[in-house]
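# Examination of the molecular architecture
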Amino acid sequence: MKILRIFIPLTLLVGVALFVLCQPTASQGQNDKKKKAKQAEPIRALMITGGCCHDYNMQKDILMSGISERANVTWDLVYEQFGGKDHKIGRYLDPDWAKGYDVVVHNECYGGVTDSAFVDSIVKAHTDGDVGAVMLHCSMHSYRAAETDSWRKLIGASSFNHGQKHPISVKKMNGEHPVIAAVPADWTTVDGELYNTNPKTHPDAKMWDSATPLGEGSMPLTPEPQTCIWLNEYEGSKVFATTIGHHNETMMDPIYLDLVTRGLLWSVGKLGDDGKPVEGAGPQ
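The structure contained in this document is the topic of the report that follows. This one's a predicted model, so the numbers in the text were calculated from it and none came from an experiment. (Residues numbered from 1 in each chain as written. Predicted model: local features only at pLDDT ≥ 70, side-chain atom pairs only at ≥ 80, totals over all residues. Heavy atoms only, no water.)

### Points about the overall build of the protein chain
- For the protein chain, the count of helices and strands is 7 helices and 11 strands.
- Classification of the 284 residues of the protein chain by burial places 47% in the buried group.
- In the protein chain, the proportion of contacts linking residues at least 24 apart, taken out of those at least 6 apart, comes to 73%.
- As displayed, the protein chain has an accessible area near 14100 Å², and 54% of this comes from carbon and sulfur atoms. (Helix = DSSP H or I, 4+ residues; strand = E, 2+ residues; numbered from the N terminus. Buried < 20%, exposed > 50% of the residue type's maximum accessible area, 1.4 Å probe, protein only. Contact = heavy atoms within 4.5 Å. Areas by Shrake-Rupley, 256 points an atom, 1.4 Å probe, with all protein chains shown as cover.)

### Considering helix H4 (residues 116-128)
- In this model, H4 (13 residues) spans 18 Å end to end at C-alpha, consistent with the 18 Å of a helix rising 1.5 Å per residue.
- What H4 keeps buried is the set Phe118, Val119, Ile122, Val123, Ala125, His126 and Thr127.
- Contact partners of the buried residues in H4: strand E3 (103-109), strand E4 (132-136), helix H5 (150-155), strand E10 (222-234) and strand E11 (237-242).
- Positive phi appears at aspartate 130, one or two residues downstream of H4, with a value of about 50°. (Expected span 1.5 Å × (residues − 1).)

### Some details on the pattern of salt bridges
- Inspection of the entire model under this criterion finds 8 salt bridges.
- Lysine 88 serves as the salt-bridge partner of aspartate 115, at 2.7 Å between the closest nitrogen and oxygen. One end of the pair, aspartate 115, is in the loop between E3 and H4; the other, lysine 88, is in the loop between strand E2 (73-79) and E3, and 27 residues separate them in sequence.
- Here aspartate 115 falls in the partly exposed class, since its relative accessible area comes to 28%.
- Beyond isolated ion pairs, a larger network of salt bridges with shared partners links Glu69, Arg70 and Asp258. (Salt bridge = Lys/Arg side-chain N within 4 Å of Asp/Glu carboxyl O.)

### Re the sheet that holds strand E9 (residues 211-219)
- If you trace the 9 strands from one edge of the open sheet to the other, you get E2-E1-E3-E4-E11-E10-E9-E6-E7, paired in mixed fashion. At either end of the open sheet lies a strand with only one pairing partner, and these are E2 and strand E7 (188-195). Each strand of the sheet is rotated relative to its neighbour by a mean of 30°, with strand direction disregarded.
- Bridging between E10 and E11 involves 6 bridges; their strand directions are antiparallel. (Pairing = 2+ DSSP bridges. Axes fitted to C-alpha atoms, helices over the stretch in contact; angles between N-to-C directions.)

### Some details on the state of the cysteines
- In total, this model carries 2 disulfides according to the counting rule given.
- At a sulfur-sulfur separation of 2.5 Å, the disulfide partner of cysteine 52 is cysteine 53. Linking cysteine 52 and cysteine 53, the disulfide has an S-S dihedral of approximately -80° and is accordingly described as left-handed.
- You can call cysteine 52 buried: its relative accessible area is 10%.
- The residue that forms a disulfide with cysteine 109 is cysteine 138, at a sulfur-sulfur distance of 2.0 Å. Of this pair, cysteine 109 sits in strand E3 while cysteine 138 sits in the loop between E4 and H5, and the two are 29 residues apart along the sequence.
- The class for cysteine 109 is buried, based on a relative accessible area of 5%.
- Taken N- to C-terminal, the disulfide-bonded cysteines of the protein chain are connected 1-2, 3-4. (Disulfide = S-S within 2.5 Å.)

### Side note on unusual backbone geometry
- A positive phi is found at aspartate 130, a non-glycine position, where the angle reads about 50°.
- Here aspartate 130 is to be found in the loop between H4 and E4.
- The residue histidine 137 is not glycine, and still its phi comes out positive at about 45°.
- Along the chain, histidine 137 falls in the loop between E4 and H5.

### Quick look at the packing of aromatic side chains
- A complete count under the given rule lists 4 aromatic pairs for this structure.
- On the basis of an interplanar angle of 65° and a centroid distance of 6.0 Å, the ring pair of tyrosine 92 and phenylalanine 118 is categorised as edge-to-face. On the criterion of sequence distance, the pair formed by tyrosine 92 in the loop between E2 and E3 and phenylalanine 118 in helix H4 is long-range, its members being 26 residues apart.
- For tyrosine 92, a relative accessible area of 1% corresponds to the buried category.
- For phenylalanine 118, a relative accessible area of 6% translates into the label buried.
- Relative to tyrosine 143, the ring of phenylalanine 118 has its centre 6.4 Å away and its plane inclined at 65°; by these criteria the two rings are edge-to-face. Placement of the pair is phenylalanine 118 in helix H4 and tyrosine 143 in the loop between E4 and H5, with a sequence separation of 25 residues. (Phe/Tyr/Trp six-rings, centres within 6.5 Å; stacked < 30°, edge-to-face > 60°.)

Have a look at this one:
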């Protein structure tokens, strides 16, 4: 009986073995799919807005639509519009008001609230859940009547008043940071309110040591420049803040919407070093 012998070149055997070894297993493929799906999950954002002195009804739409055009974000909205500055937003009465969210966009103006325990509870929901924050314009003046410093520590600044309405010239600080790098060097807003964060202008104003200034504003009517864009990290919560944003026209400016979107992405760890959303965090 003849035995048929088939000779296969060694190089071919090695090539086949390497091909087999390099093929992803079923479990590896499933893990990669799960990873990509996780990366593409939208950022869960809550916007809280309302109060005196601003067109919050229009601004909520400007911000939510503008940010969603630039990042993968889904929104829930709390909009409570009352004339009194001492109104307490009802959502905050629930200790778990921020549960389930990655970030909260605060664009509210209720500076007359004096209940320190109420304010502390707002902040606790951020720090306990490591929930990011975006603080816009009058949010810096909200709860300023309360004695507690917890809100101011979360923001990273203490501000109690502002100058007259006038265009704000913005100068970049830490200009290589991905949140601020793309802002033009000659950016000037339409008429705005330059909030006082400089103690030379107001004795109680200050930037807290935990804050990283990114931009300062100046105008002819205010002799001292004021930090107007910054980042803050406080007890696990990452905060992007800007005092710019009084008028709808400012918020509609693509420079402003780009900036706020980058700040939001940074607050949830989804901003790349190049200033763009990481994979899955961009517009879908």
